[in-house]
Amino acid sequence: MGNGSVKQDKIEEAFFSYVNDVSGLEDENRALKEHNETLERELEKFRRAPLIVCEIRDLIEDKAIVRLPNGNEFLVEIGKNCDALKAGDGVLAEQKNLTVIRRILTNKKFDVERFVVIEKPTVPWDAVGGLHEQERDIKEVIELPLKKPDLFRQVGIQPPKGILLHGPPGTGKTLLAKAVAASTNSTFIEVVGSELVQKFIGEGAKLVKEIFQLAREKAPSIVFIDEIDAIAATRVDVGTSGEREVQRTFMQLLSEIDGFEPLGNVKIIGCTNRKDILDTAMVRPGRLDRLIYVPLPDADGRKEILRIHTRDMKHDKDIDHEEIIKLTEAFSGAELKAVCTEAGYCAIRNDRVKITQQDFLDAIKKVSEEVRRENTEFKGMFG
Ligand SMILES: Nc1ncnc2c1ncn2[C@@H]1O[C@H](COP(=O)(O)OP(=O)(O)OP(=O)(O)O)[C@@H](O)[C@H]1O
Ligand SMILES: [Mg+2]
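Quick notes on the rules
- Residues numbered from 1 in each chain as written.
- Chains lettered and ligands numbered in written order.
- Predicted model: local features only at pLDDT ≥ 70, side-chain atom pairs only at ≥ 80, totals over all residues.
- Helix = DSSP H or I, 4+ residues; strand = E, 2+ residues; numbered from the N terminus.
- Rg over C-alpha atoms; globule rule 2.2 N^0.38 Å.
- Buried ≥ 20, exposed ≤ 12 C-beta atoms within 10 Å, placed from the backbone.
- Contact = placed C-beta atoms within 7 Å.
- Near = placed C-beta within 6 Å.
- Nonpolar A, V, L, I, M, F, W, Y, C, P; charged D, E, K, R; others polar.
- Domains from an automatic or database assignment.
- Core = buried A, V, L, I, M, F, W, Y, C linked by C-beta atoms within 7 Å.
- Axes fitted to C-alpha atoms, helices over the stretch in contact; angles between N-to-C directions.
- Parallel < 35°, antiparallel > 145°, perpendicular 65-115°, else oblique.
- Left-handed = near helix turned anticlockwise from the far one by under 90°.
- Pairing = 2+ DSSP bridges.

**Things to note about the overall build of the protein chain**
A tally of helices and strands in the protein chain yields 13 helices and 11 strands. By the compact-globule yardstick of 21 Å for 383 residues, the protein chain is too spread out, its C-alpha radius of gyration being 34 Å. Overall, the protein chain is about 125 × 70 × 55 Å in size when its C-alpha atoms are taken along their principal axes. Looking at the 383 residues of the protein chain, the share that counts as buried comes to 30%. Sequence separation of at least 24 residues holds for 71% of the intrachain contacts in the protein chain that already meet a minimum separation of 6.

Here it is in structure tokens:
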């Protein structure tokens, strides 16, 4: 009898553990099912073709003209559930037939801030060697109006809107522009003319507009346009679409300078090595009408520039400065800097930390050979 009840107990025990197992397995099954569904959904995402980000150019009845990132434009359908659209909106479109699916919020300033360099330079005036006249001119035309706008109001004259720095490469044009931005604590917005028209095909004019908008917001500011000749060169014809695009960008630049909205604390500094090919419209009175020539340094200039770039170098006491200055005739500031760096390398190669006269002489030779090679390559390309 007793045996029978023990057996009964065992059966009951087994039964409960079985029930337990089943409910555990059911739970597990449910969890796996959910996981499976999540994975299916993820998989579905991977299978779906990506949508194209494009811009609405115009609306024609129930269709839209969209512009793709590559500049091509198409007349396309608008999806049923798409929000109301207007020209200029950013949208997502299907890849196959470019049906507009929905509108996206695009930050207007997104473009500019990504494409231009914005900084607060810290270049002090004493980092610029020679160029005293140029420094004085820039202080008068850019620094004074930014620092004392009231003075100009009292006297009743309009300070120039901008200047054009021109001269050979590597002579310190960028350096001067950064120094005046630093001394006026201005935002320095740097644009390169050639990039404006090559990299941002079809967007040059729009970008110019946004650059000036940004400059007004961040005033006092200096819009620095390097290689301005790339957008402001005289053109004999504007036949190709590329040329028309450059023309549009140039027109936009002129209209920003002439602008309805006063530029106020926004100054423009243009830079070029090719003033000869510049469209005279750019330098007409009221535009970049102060031309400042930045030449190769003379002997005194070279002395100052060498002093600046050897400031932190250890060198022998008997360095013959006069010889170095004589041997670097027609060197630009950038080349003089290269000489100093190269002299440092000569010392390193010879396990020294002190630079000798010979290091300088070797460096001068090396840099001038490099310059000569570049010049012959240049001539080789153009006859
Ligand atoms: N007058 C100068 N005084 C001190 N350093 C100079 C001078 N000119 C050039 N340099 C040195 O050479 C570097 C390049 O000069 P910078 O970029 O100002 O030349 P640039 O005239 O703008 O040339 P580019 O026409 O090629 O743009 C400077 O960062 C600086 O180190
Ligand atoms: Mg420069």
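Additional details are given in the paragraphs that follow.
**Topic: the site of ligand 1**
Around ligand 1, the surrounding shell holds 17 residues, and the nearest of these are P169, G172, K173, T174 and G333. Secondary-structure elements contributing two or more residues to the shell around ligand 1 are α5 (173-183), α10 (299-309) and α12 (333-349). Among the residues making up the shell around ligand 1, the classes are represented as seven nonpolar, eight polar and two charged. Residue contributions to the shell around ligand 1 reach at least three from each of two domains, namely domain 3 (112-293) and domain 4 (299-381).

**A word on the nonpolar core**
Formed by 49 residues in total, the largest nonpolar core has its most connected members in I189, I211, I222, V223, F224 and I231. At seven residues, helix α7 (residues 204-217) tops the list of elements feeding residues into this core. Filtering out sequence-adjacent residues up to four positions away, I189 remains in contact with V116, I118, I211, L214, A215, S221, I222, V223 and F224. Core analysis: the second largest hydrophobic core is formed by 15 residues, L306, I324, C340 and A343 among them.

**Concerning the packing of α10 against α12**
Each pair of packed helices gets described by two things: the angle between the helix axes and the distance between those axes. Packing of α10 against α12 brings their axes to within 9 Å, and their N-to-C directions diverge by 45°. In terms of orientation, α10 and α12 fall into the oblique class. Crossing of α10 against α12: the hand is right-handed. Of the residues in α12, those in contact with R302, I305, L306 and H309 of α10 are G333, L336, K337 and C340. Looking at the contact of α10 with α12, its residues break down into four nonpolar, two polar and two charged.

**Some points on the sheet that holds strand β6 (residues 117-119)**
Pairing is mixed in the open sheet, where six strands are placed in the order β6-β8-β9-β10-β7-β11. Of all strands in the sheet, those with a lone pairing partner are β6 and β11 (290-293), marking the two edges. Each adjacent strand pair in this sheet contributes to an overall mean axis angle of 20°, direction not counted. Strand direction decides the pairing type here: β6 and strand β8 (residues 187-192), joined by three bridges, are antiparallel. For E119, the partnering residue across the bridge sits in β8 and is F188. Its contacts with the sheet put helix α3 (residues 132-147) on β7 (162-166), β10 (266-272) and β11, and the angle it makes with β11 is roughly 145°.

**Comments concerning the domain arrangement of the protein chain**
Examined at the domain level, the protein chain breaks down into domain 1 (1-48), domain 2 (52-106), domain 3 (112-293) and domain 4 (299-381). Relative placement of domain 1 and domain 3: their C-alpha centres are 74 Å apart.

**Points about the sheet that holds strand β5 (residues 100-104)**
Read from one edge of the open sheet, five strands run β3-β2-β1-β4-β5, paired in antiparallel fashion. The open sheet has two edge strands with one neighbour each: β3 (73-77) and β5. Taking the axes of each pair of neighbouring strands and ignoring which way they run, one obtains an average angle of 45° across the sheet. Taken together, the four bridges between strand β1 (residues 52-60) and strand β4 (residues 90-93) define a ladder with antiparallel strand orientation. Bridging across to β4, C54 finds its partner in V91.

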